[in-house]
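Here is what each chain is made of, one letter per residue.
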Amino acid sequence: MLVDVTLTADTVEGRDVDGRTAIVIDVLRASSTVVTALANGCREVIPVATPEEAFAFKRERVAGYLLGGERGAVKIPGFDLGNSPSEYTGELVGGRGVVLTTTNGTKTLLRVSGAERVLVGCFLNAAAVARSVAAGPGLVLACAGTKGRFSLEDFAAAGAILAELPGDGLEISDLAMAALATYRQLLDSQGLVDTLSRTGHGKDLARLGFAEDIIYCAKVNMWDVVPEYRAGAIRKASQE
Ligand code: MLT
């Protein structure tokens, strides 16, 4: 299986993922939020590009949905939830649908929506998502980055997922090799919480009062959940 990594929402193209599985990685925090929501019983997450689309979905289609997401990492006025995984509790999202729009995470997902399969991954579900693609045709780890720029936390999570793939039969690109080496090196040196805290977006989140989210999003293999995007909705993959 051919394995590659792309670095930002703005640079990933449809042809990068054509005929392959894409794993969308936005550690801080969209992927971590989606994994947590589904782990806590959320029925489905509908990713949309803009707050206006989210309001229209609720108004014109299904009134019972919660609206979640952020701009500038802060809850959008009029929305029910922001983009902190800690908000997506079983009490709030259990059995319900959420319409989600985020700056980089949902954008990446919508850009790779033509892939053979579209999954959502992060540190929280690295082993589960890797298991789910072990026999696939080809794999692209689609890092979201932050506003068109490289994000170390997404790249390291790509490495964490790669570390969980069985080595046999993998043909990994130079970027995929670098992601794996980065993850291993960070684990051996300063650790993930410290690293995530020192990234550009990690510092912004801490300034905004979301330091607890960084600690949570750095937990490796906390959830055995594989979110899969199909026909406009993200739900738990059916093999679970
Ligand atoms: C995004 O999609 O840009 C992020 O998830 C931002 C955030 O931390 O809320």
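Residues numbered from 1 in each chain as written. Predicted model: local features only at pLDDT ≥ 70, side-chain atom pairs only at ≥ 80, totals over all residues. Heavy atoms only, no water.

Draft legend 1. Here's a closer look at the side chain of Asp26. With respect to the helices, strands and loops of the structure, Asp26 is situated in the loop between strand E2 (21-25) and helix H2 (30-39). As a buried residue without a salt bridge, Asp26 has its nearest oppositely charged side chain in Arg29, at a separation of 7.8 Å. A distance of 3.3 Å separates the side chain of Asp26 from the backbone nitrogen of Gly105, its partner in a polar contact. If sequence neighbours within four positions are ignored, Asp26 has contacts with Ser31, Ser32, Asn104, Gly105, Gly121, Ala144 and Asp154. (Helix = DSSP H or I, 4+ residues; strand = E, 2+ residues; numbered from the N terminus. Buried < 20%, exposed > 50% of the residue type's maximum accessible area, 1.4 Å probe, protein only. Lys, Arg positive; Asp, Glu negative; His and termini not counted. Salt bridge = Lys/Arg side-chain N within 4 Å of Asp/Glu carboxyl O. Polar contact = N/O pair within 3.5 Å; in protein donor to acceptor, adjacent residues only side chain to side chain. Contact = heavy atoms within 4.5 Å.)

Draft legend 2. Looking closely at the packing of helix H6 (residues 126-133) against helix H7 (residues 152-164). Where H6 contacts H7, the two axes come as close as 8 Å, and the packing angle between them is 55°. As far as their axial angle goes, H7 and H6 are oblique. Here the hand of the crossing between H6 and H7 comes out right-handed. Contacts between H6 and H7 involve Ala126, Ala127, Val129 and Ala130 from the former and Ala160, Ile161 and Glu164 from the latter. Class assignment for the residues of the contact of H6 with H7 results in six nonpolar, no polar and one charged. (Axes fitted to C-alpha atoms, helices over the stretch in contact; angles between N-to-C directions. Parallel < 35°, antiparallel > 145°, perpendicular 65-115°, else oblique. Left-handed = near helix turned anticlockwise from the far one by under 90°. Nonpolar A, V, L, I, M, F, W, Y, C, P; charged D, E, K, R; others polar.)

Draft legend 3. Quick look at the side chain of Thr33. Examined against the element boundaries, Thr33 turns out to sit in helix H2. Other than its neighbours up to four places away in sequence, Thr33 contacts Asn83, Ser84, Pro85 and Tyr88.

Draft legend 4. Geometry of the site of the ligand. Around the ligand sit 13 residues, and of these Asn83, Thr102, Asn104, Gly105 and His201 come closest. Separating an oxygen atom of the ligand from a side-chain N or O atom of Arg29 is a distance of 2.8 Å. For the ligand, an oxygen atom lies 3.4 Å from a polar atom in the backbone of Thr103. A total of 270 Å² of accessible area belongs to the ligand in isolation, and the protein chains cover 98% of it. For the shell around the ligand, the residue count by class is four nonpolar, six polar and three charged. (Near = heavy atom within 4 Å. Areas by Shrake-Rupley, 256 points an atom, 1.4 Å probe, with all protein chains shown as cover.)

Draft legend 5. Region of the structure containing the pattern of salt bridges. A complete count under the given rule lists ten salt bridges for this structure. Close ionic contact of Glu60 with Arg59 constitutes a salt bridge, the shortest N to O distance being 3.7 Å. Arg59 gets classed as exposed once you look at its relative accessible area, which sits at 61%. A salt bridge links Arg207 to Asp204; its shortest N-O distance comes to 2.4 Å. Remark: Asp204 and Arg207 occur in helix H10 (residues 200-207); sequence separation between them is three residues, near one turn of the helix. The exposure class of Asp204 is partly exposed, given its relative accessible area of 33%. By sharing partners, the salt bridges in this structure join Arg117, Glu228 and Arg230 into a single network.

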